[in-house]
Every structure is written in C-alpha cells, then in structure tokens.
Amino acid sequence: LALLASLKQSQATQVLDKNADLIGKFYIYDRQSIKFNDFPKHLIDALIATEDARFYEHDGVDNKSLLRVFFKTILMSDDSSGGGSTITPQLAKNLYGRKDYGYLSIVVNKVRESIVAQRIEEIYSKQEILTLYLNTVPFPDNTYGIESASQKFFNVETRALSLAQSATLIGSLKANHSYNPRLFGERAQLRRDVVINQMLKYGYITANKANEAKQNK
C-alpha cells in the first residue's frame, strides 16, 4: 500500500522558447501530468460512458467481467475474451504492466489487476483515480497521458479539447494503432461517433449535442 500511495511517473522534459512556447521535448515516454481541474467535463463523461459506466458505483472490480474471462478462457479456450476491465484495473495495468503466465496469462493478469485495483480504491478517491488514469493511459504514437495526446493530435491543451476531440482520443484507447487519427482518420472518426453515442445513451449529452459533435471533421 505504501508504494501505491506514492506513485510517480516519468515525464517528458519540455524545451520552451523565451516566450514560454513549447519548441521540443526529450523523453522515453511522452507524458505530461496535469490536474483533475484541467480535464473538461465532456472528457471525463466520454471516458466513463465508454470504458466504465458504473465507475462511481463499484469498488474497482467488475466481477461479471472476471467470470466471463475465466469461463471463455479456461472452459472454451477463447483467447479473445479479454476486455471488460473497469477504469481502475486498467490503471493497474498501465502502472505495472502484464506478465506472461502462459496459457493462463489473461486470467492471472486480470485477477492480479483486480487485487491491485481494490487497493488503489482504498487509497485514492474516484477523482484521483481518474487523474492518475488519464495521466498514464497510452494513446497512439507512443504518447502517454491526455495532455501529451491533446497537444500531439490537436495542438491544444487538454482544457481546450472540444467534445469531438475528447471523443476521438477516448475512442483511440480501445486500440491505439487501429484508431490512430493521424493514420486512419475515417476509422478514428467512426470510433469517435461510437463514443458520442455512448455519451448520449447514458445521458451525458443531448441528441442535438451528439449530432453537432459528429459533424466535426
């Protein structure tokens, strides 16, 4: 618990000109940490609607998803049974990575992540978990954290992301390469619309807002 309570993540070193404008970076992982107040509400809404609709209701573990993974992987030999993790186990994976346990890798890693997730939930508030997650989650092009992704793909700070831009970046979390907006613009746009539809489904935006966001190219 002590290690979890003092999490630190390496960040990119920024090079600024005399006017404090960014002109370059040095990094192993392109990451810049920001605070919860820097996240626009529609970014948080997009994340929760798409990745973990019951985020504020559970203790970090989705038992139904764990049972599904166990059943499909062990009993049906279905290696495609991954997914279904809530935000906190995803954070655990982002922080500690996964190990190879052979045939049981999916199940063992998910159980391990669930244990770590429950400990994270004991230490951090939901707001702090969202902040840790968005500052560590991998985006396309070896980009880690929402601030670096915002600047790389849209040339704006996170606080200035539009609804459509937020949905695009959150949509890319499903498959970083496949939904890279630089490489696969049309595919990324379709995925963005899925995120917008999820936001509409859970009541985060109106139908008019959803249609307006989908018009952005």
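Here we summarise the structure given alongside this text. Keep in mind the model is a prediction, meaning the values are calculated, not measured.

Calculation criteria
- Residues numbered from 1 in each chain as written.
- Predicted model: local features only at pLDDT ≥ 70, side-chain atom pairs only at ≥ 80, totals over all residues.
- Heavy atoms only, no water.
- Helix = DSSP H or I, 4+ residues; strand = E, 2+ residues; numbered from the N terminus.
- Buried < 20%, exposed > 50% of the residue type's maximum accessible area, 1.4 Å probe, protein only.
- Areas by Shrake-Rupley, 256 points an atom, 1.4 Å probe, with all protein chains shown as cover.
- Contact = heavy atoms within 4.5 Å.
- Core = buried A, V, L, I, M, F, W, Y, C linked by side-chain atoms within 4.5 Å.
- Patch = residues over 30% accessible without salt bridge, like charges linked within 9 Å, V, L, I, M, F, W, Y side chains within 5 Å.
- Salt bridge = Lys/Arg side-chain N within 4 Å of Asp/Glu carboxyl O.
- Phe/Tyr/Trp six-rings, centres within 6.5 Å; stacked < 30°, edge-to-face > 60°.
- Lys NZ or Arg CZ within 6 Å of the ring centre and 35° of its normal.
- Axes fitted to C-alpha atoms, helices over the stretch in contact; angles between N-to-C directions.
- Parallel < 35°, antiparallel > 145°, perpendicular 65-115°, else oblique.
- Nonpolar A, V, L, I, M, F, W, Y, C, P; charged D, E, K, R; others polar.

In terms of helices and strands, the chain carries nine helices and five strands. The linear arrangement of helices and strands in the chain, starting from the amino end, is β-β-β-α-α-α-α-α-β-β-α-α-α-α. Across the 217 residues of the chain, 44% fall into the buried class. For the chain, the computed accessible surface area is about 11,800 Å², with 51% contributed by carbon and sulfur atoms.

Let us look at the side chain of His-58. With respect to the secondary-structure elements, His-58 resides in the loop between helix H1 (41–51) and helix H2 (63–75). We classify His-58 as buried; its relative accessible area is 10%. Discounting residues that sit within four places of it in the chain, His-58 has contacts with Asp-52, Thr-86, Glu-121 and Lys-126.

Turning our eyes to something else, we now look at the nonpolar core. The biggest cluster of nonpolar side chains holds 39 residues, and the ones touching the most others in it are Leu-47, Ile-87, Ile-120, Tyr-133, Leu-134, Ile-146 and Ile-170. For this core, the secondary structure elements donating two or more residues are H1, helix H3 (87–96), helix H4 (105–123), helix H5 (126–136), helix H6 (146–154), helix H7 (163–172), helix H8 (185–201) and helix H9 (207–214). Ranked by residues supplied to this core, first place goes to H1 with six residues. Excluding its chain neighbours within four sequence positions, the residues that come into contact with Ile-87 are Leu-47, Ile-48, Glu-51, Asp-52, Phe-55, Ile-129, Leu-130 and Tyr-133.

Glancing now at a nonpolar patch on the surface. Nonpolar side chains collect at one region of the surface, where Tyr-101, Tyr-103 and Leu-104 lie side by side and expose about 300 Å² of accessible area between them. For Tyr-101, the position within the fold is in the loop between H3 and H4.

Turning our attention to the packing of aromatic side chains. Counted by the stated rule, this structure contains two aromatic pairs. Each ring, one from Phe-36 and one from Phe-39, has its centre 5.9 Å from the other, and the planes form 80°; the classification is edge-to-face. Measuring from centroid to centroid gives 5.1 Å for Phe-55 and Tyr-56, while their planes differ by 70°, and the two rings are edge-to-face. A cation over an aromatic ring shows up here: Arg-187 above the ring of Phe-184, its NZ or CZ 4.4 Å from the ring centre. Positioned above the aromatic ring of Tyr-179, the side-chain terminus of Arg-191 is 5.9 Å from the ring centre.

Let us now look at the side chain of Ser-172. Assignment of secondary structure puts Ser-172 in helix H7. Discounting chain neighbours no more than four positions away, the residues touching Ser-172 are Phe-139, Pro-140 and Tyr-179.

To continue, consider the packing of H7 against H8. Here H7 crosses H8 at 110°, and the two axes come no closer than 8 Å. With respect to their mutual orientation, H7 and H8 come out roughly perpendicular. For the pair H7 and H8, contact is made by Leu-163, Ala-164, Ala-167, Thr-168, Ile-170 and Gly-171 and by Arg-191, Arg-192, Val-195, Ile-196 and Met-199, respectively. The class makeup of the residues in the contact of H7 with H8 is seven nonpolar, two polar and two charged.

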